[in-house]
Amino acid sequence: MLGICGLCHENKELRRSHLIAKGFYSRIAKAYPDQEGTILRSDGNNIYPSTSQVAQDFLCDECENRIAKNGEEYAIKVCAQSDGFVLKDILTQIKPDKRDAALGDLFLYDTVNSVNREALIYFALSVIWRASAKKNWGVEELESYYNALGPYEEMLRVFLLTKERTALQKIFIMVEV
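Rules used throughout
- Residues numbered from 1 in each chain as written.
- Predicted model: local features only at pLDDT ≥ 70, side-chain atom pairs only at ≥ 80, totals over all residues.
- Heavy atoms only, no water.
- Pairing = 2+ DSSP bridges.
- Helix = DSSP H or I, 4+ residues; strand = E, 2+ residues; numbered from the N terminus.
- Axes fitted to C-alpha atoms, helices over the stretch in contact; angles between N-to-C directions.
- Core = buried A, V, L, I, M, F, W, Y, C linked by side-chain atoms within 4.5 Å.
- Buried < 20%, exposed > 50% of the residue type's maximum accessible area, 1.4 Å probe, protein only.
- Contact = heavy atoms within 4.5 Å.

Let us now look at the sheet that holds strand β2 (residues 11-18). Through backbone hydrogen bonds, the strands of a sheet pair up, either in parallel or in antiparallel fashion. Across the sheet, three strands lie side by side as β1-β2-β5; this open sheet has antiparallel pairing. Looking at which strands have only one partner, the edges of the open sheet turn out to be β1 (2-4) and β5 (55-60). Neighbour-to-neighbour, the strand axes of the sheet open up by a mean angle of 65 degrees, direction not taken into account.

So, on to the nonpolar core. Ranked by internal contacts, the top residues of the largest apolar core, which has 27 residues, are C5, L7, L59 and W129. At the level of secondary structure, the elements contributing two or more residues to this core comprise β5, α2 (61-78), α4 (117-133) and α5 (152-162). No other element matches the six residues that α4 contributes to this core. In this structure, L7 is in contact with L59, C63, R66, I67, W129, R157, L160 and L161, ignoring residues within four places of it in sequence. With 16 residues, the next largest nonpolar core counts A21, L87, A119 and L120 among its residues.

Any functional reading would require information beyond the geometric quantities listed.
And the structure:
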């Protein structure tokens with residue numbers, strides 16, 4: 001389908017874009033083969049397992065590849081899966097900067113050198129931005145996230161497009177594992 005790409009704002013052929021990387025769905029399905037559905041969904045009243053993936057025509061091929069290369073591929077590689085949890089294993093080898101009763105172990109950005117921090121931040125921001133930037137993901141419970149970032153949505157879009165960190169000057173990022 002031809003349309004305006006949500007990220008680069010160019011008129012191009014749009015791909016079926018997943019809110020959360022498609023690779024996560026297959027990893028979860030492999031980790032829980034006995035489950036009917038591997039993603040929890042809500043209809044507003046009930047929570048139920050589902051195999052459906054949240055995806056819509058939203059980004060062009062170039063921007064999909066940009067997001068995959070800059071964050072998704074690494075995040076998929078180190079996420080929890082049936083054969084282990086690489087990121088958690090790495091973090092357990094590092095002394096936390098602070099222990100918090102409610103939040104657990106806290107690591108400052110500069111402490112975690114053995115992790116591709118830039119890729120994890122890029123990935124996390126790409127999911128948050130997509131939820132805010134796309135009006136209709138076809139899932140009612142996501143509708144309240146549309147335009148939720150307000151003026152920060154454009155800052156994130158510029159960062160995702162250019163990786164220019166100055167776009168993030170007013171944004172605090174905390175990634176939880």
